[in-house]
Amino acid sequence: MATVTEHRHAATRRKLQTKLLIDGQWRESQSGKTFATLDPCTEDVIIEVSEGDAADIDLAVKAARKAFDSGPWRKTDARDRGRMIYKLADLIEENIDDLAALETLDNGKPISESRHADLPLVIDCLRYYAGWADKIHGQTIPIRGKHFCYTKREPVGVAGQIIPWNFPMLMTAWKWGPALAAGCTLVLKPAEQTPLTALRMGELALEAGFPAGVINIVPGYGETAGAALVSHKGVDKIAFTGEGRTAEIIMRNAADSMKRLTFELGGKSPNIVFADADLDAAVNGSMVGMFLNQGQCCCAGTRLFVQESAHDEVVAKLAAKAKARKLGDPFDPATEQGPQVDRAQFDKILSYVDKGKSEGAQCVAGGERHGDKGFFIRPTIFADVRDDMAIAREEIFGPVLSVIKFKTIDEVIARANGTEYGLAAAVWTRDIGKAHAIADQVRAGTIWINCYDVFDAAAPFGGFKRSGLGRELGEKGLEAYTETKTVTIALD
Ligand code: ADP
């Protein structure tokens, strides 16, 4: 087992890439501006990164446009596109320790998670979509009259991809995999908090042989680089993961050019524990569902509904586990929880903790900062939470769990659905009828039964209601990067 120092060293073994990737070249931003990316564990600056804005986005989009319209990518055989994606996955696997360490440095997530969860999922996602590249089929359609009619699925064109900081590499893989398999070219704007691993993936993509202009990466801020990508006339589609309020702005700005949009947004996911469940399994699964990645998951099970007769036992077990959770240096392989990503998130989460206390919820674990350096917050559990409290309604995006008591299945279904969100839900029960009733009636894009956070590149993921638009992953995720073309031929 590698030591803390060895893991930390792996992050900076290579010279860090800090420039923009445009048309196969690493360039400084045209303005010459840079921005700092911080280590959330120490609050120190890791390095300055070139700050792209509208002028750089314009160059990147033109490069992607050229690679799509007249460049080699459209002429590359589908199977060879797939081989390049496989090659990228292989290169990531060869560099897995360094990439995991870099992700932990920039984001603060524990090395055990970046090395054994994020990175394997990144590789698996790319390989899954590599296999699709030569299997994107149309149909033949029996229309009236003497005609032969078929459909083709063509790439949507240039994809603008805007991602958040909570899973920087995994979100990159979710975006790149289907886009490249479908034959699109792309411009990625990583989150300003965590640009480093996407840039390293850009280096590996060049090594894998992707032609110039197919993959472009422009780090920068949302209001400048992100907004410029959304309104650029040369972009056909925007794939965005982030906050609902940002998605509203993107939708408005994309309207003029009628861009295709897919959104993966926030949640306030209900996690329902019936008294007949295996309560230890439910408690363990709920801890993962809530506290994985410092609670910074769009699908986190933040509203834990527990049936009355099991309530006190579940709360006691959860509180004991939360108090025993090991916080600390994310490079320590034993660390279970690292710091939140930045000060803004840290402050926002602590303000929700204060709201929970002042609204009368009972704080049974955590409720405060951990240590005095780095953005650490103790895993926090509130009991006696009412549906109308801010901590039960609003997305906190941190390690704060609301436990809510319920009596009957009809009541809990109504209350689970009493939210503007609909990303995920889970149910814990030994009664197959109850499990199916929840799966049937809770309005959410993913339902987990007796498990939580089970992700697979083949299974579609996305939200009902304000949690999203369209789906990522699986065949559905691929469709979002294609247009259907209908071809009709007269037979006489
Ligand atoms: P978060 O609170 O998780 O940072 P955001 O929605 O603010 O969520 O950010 C997600 C991504 O969207 C980031 O890459 C960010 O830079 C980008 N972004 C923010 N505002 C805009 C905008 N107006 N247009 C395009 N992208 C934006």
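Relevant structure appears above.
First things first, this report covers the structure right here in the doc. Predicted, not measured: the structure shown is a model, and the values here were computed from it.

### Some remarks on the site of the ligand
Step number 1: Around the ligand, 17 residues are found, and the nearest of them are I163, K189, E192, E243 and T246.
Step number 2: Note that an oxygen atom of the ligand is positioned 2.7 Å from one of the side-chain N or O atoms of T246.
Step number 3: Burial of the ligand by the surrounding chains reaches 88%, relative to a free accessible area of 550 Å².
Step number 4: Assessed atom by atom at 2 Å from the grid points, the ligand resides in the largest pocket.
Step number 5: Considered class by class, the residues forming the shell around the ligand number nine nonpolar, five polar and three charged.

### Here's the deal with the nonpolar core
Step number 1: Counting 102 residues, the largest nonpolar core has I92, W176, F210 and I215 as the members making the most contacts within it.
Step number 2: Top contributing element to this core by residue count: helix α6 (residues 168-182), with 10 residues.
Step number 3: Here F210 is in contact with W73, M84, I85, L88, L180, A205 and I215, once residues within four sequence places are set aside.
Step number 4: Counting residues in each nonpolar core, the second largest holds 29 residues, with F274, Y352, I413 and I438 among its members.

### Description of the sheet that holds strand β13 (residues 303-307)
Step number 1: Ordered in space as β14-β15-β16-β13-β12-β17-β18, the seven strands form an open sheet in which the pairing is mixed. Since the sheet does not close on itself, it has two edges, and those belong to β14 (362-365) and β18 (446-449), each with one partner. Sheet twist, expressed as the average angle between the axes of neighbouring strands with direction ignored, equals 25°.
Step number 2: Where strand β12 (residues 270-273) lies against β13, four bridges are found, and the strand directions are parallel. Its bridge partner lying in β13, I272 is registered against F305.
Step number 3: Where helix α11 (residues 308-324) meets the sheet, it contacts β13, β14, β15 (380-383) and β16 (400-406), and its direction lies at approximately 135° from that of β13.
Step number 4: Seen against the sheet, helix α12 (residues 343-358) touches β14, β15 and β16 and runs at an angle of roughly 25° to β15.

### Let's talk about the pattern of salt bridges
Step number 1: All chains considered together, the criterion is met by 36 salt bridges.
Step number 2: Between D98 and R13 there is a salt bridge, with the nearest N and O atoms lying 2.5 Å from each other. Separated by 85 residues along the polypeptide, D98 in helix α4 (residues 96-107) and R13 in the loop between α1 (4-11) and β1 (20-22) bring together distant segments of the chain.
Step number 3: Residue R13 is classed as partly exposed on the basis of its relative accessible area, which comes to 48%.
Step number 4: Residues E308 and K407 are paired through a salt bridge, measuring 3.8 Å at the closest nitrogen-oxygen approach. Of this pair, E308 sits in helix α11 while K407 sits in the loop between β16 and α14 (409-416), and the two are 99 residues apart along the sequence.

### Quick word on the layout of surface pockets
Step number 1: Roughly 1,000 Å³ of internal volume is contained in the largest pocket.
Step number 2: As for the largest pocket, its lining consists of 40 residues, of which F240, G242, E243, G244 and T246 are closest to the centre.
Step number 3: Only α8 (222-231), β10 (237-241), α9 (244-255) and α12 provide two or more residues apiece to the lining of the largest pocket.
Step number 4: Ranked by residue count, the leading element in the lining of the largest pocket is α9, at six residues.
Step number 5: Split into classes, the residues belonging to the lining of the largest pocket amount to 16 nonpolar, 11 polar and 13 charged.
Step number 6: In this structure, the second largest pocket occupies an estimated 280 Å³ of space.
Step number 7: Residue lining of the second largest pocket: 18 residues in total, with L121, F167, L170, L292 and F455 positioned closest to the centre.
Step number 8: Secondary structure elements with two or more residues in the lining of the second largest pocket: α5 (111-132) and α6.
Step number 9: The dominant element in the lining of the second largest pocket, judged by the number of residues it contributes, is α5, at four residues.

### Here's the deal with the sheet that holds strand β5 (residues 140-141)
Step number 1: The antiparallel open sheet is built from three strands, whose spatial order is β5-β6-β20. Across the chains shown, the open sheet's two edge strands, defined by having one partner strand only, are β5 and β20 (482-490).
Step number 2: Inspection of the sheet shows β5 paired to strand β6 (residues 147-155) by two bridges, in the antiparallel sense. What sits directly across from I141, in β6, is C149.

### Focus: unusual backbone geometry
Step number 1: The phi dihedral of D453 falls on the positive side, at around 55°, and the residue is not glycine.
Step number 2: Along the chain, the position of D453 falls in the loop between β18 and β19 (468-469).
Step number 3: Accessibility expressed as a relative area gives 14% for D453, which makes it buried.
Step number 4: Despite not being glycine, K465 has its phi angle at roughly 45°, a positive value.
Step number 5: With a relative accessible area of 34%, K465 lands in the partly exposed category.

### Some points on the packing of aromatic side chains
One pair of aromatic rings is described through two measures. These are the centre distance and the angle between the planes.
Step number 1: Per the counting criterion, the structure on display carries 13 aromatic pairs.
Step number 2: Relative to F406, the ring of F274 lies with its centre 5.4 Å away and its plane at 90°, an arrangement referred to as edge-to-face. Of the two residues, F274 is situated in the loop between β12 and α10 (279-291) and F406 in strand β16; the sequence distance between them amounts to 132 residues. Pair check on accessibility: F274 and F406 agree, each one buried.
Step number 3: Taking the centre distance of 5.0 Å and the plane angle of 65° together, the rings of F455 and F461 count as edge-to-face.
Step number 4: The exposure class assigned to F461 is buried, which follows from its relative accessible area of 3%.
Step number 5: Taken together, W174, W448, Y452, F455 and F461 form an aromatic cluster joined through their ring pairs.
Step number 6: One Lys or Arg, K237, reaches over the ring of Y481 and ends 4.6 Å from the middle of that ring.
Step number 7: Taking NZ or CZ as reference, K355 lies 4.4 Å from the ring centre of Y352, over its face.

Reading the values: the criteria
- Residues numbered from 1 in each chain as written.
- Predicted model: local features only at pLDDT ≥ 70, side-chain atom pairs only at ≥ 80, totals over all residues.
- Heavy atoms only, no water.
- Near = heavy atom within 4 Å.
- Polar contact = N/O pair within 3.5 Å; in protein donor to acceptor, adjacent residues only side chain to side chain.
- Areas by Shrake-Rupley, 256 points an atom, 1.4 Å probe, with all protein chains shown as cover.
- 1 Å grid on protein atoms, 1.4 Å probe; cavity = no way out; pocket = protein on both sides within 12 Å on 5 of 7 lines; lining within 4 Å.
- Sits in = over half its atoms within 2 Å of the grid points.
- Nonpolar A, V, L, I, M, F, W, Y, C, P; charged D, E, K, R; others polar.
- Core = buried A, V, L, I, M, F, W, Y, C linked by side-chain atoms within 4.5 Å.
- Buried < 20%, exposed > 50% of the residue type's maximum accessible area, 1.4 Å probe, protein only.
- Helix = DSSP H or I, 4+ residues; strand = E, 2+ residues; numbered from the N terminus.
- Contact = heavy atoms within 4.5 Å.
- Pairing = 2+ DSSP bridges.
- Axes fitted to C-alpha atoms, helices over the stretch in contact; angles between N-to-C directions.
- Salt bridge = Lys/Arg side-chain N within 4 Å of Asp/Glu carboxyl O.
- Points joined across faces, edges and corners; volume = space filled by probe spheres on them.
- Phe/Tyr/Trp six-rings, centres within 6.5 Å; stacked < 30°, edge-to-face > 60°.
- Lys NZ or Arg CZ within 6 Å of the ring centre and 35° of its normal.

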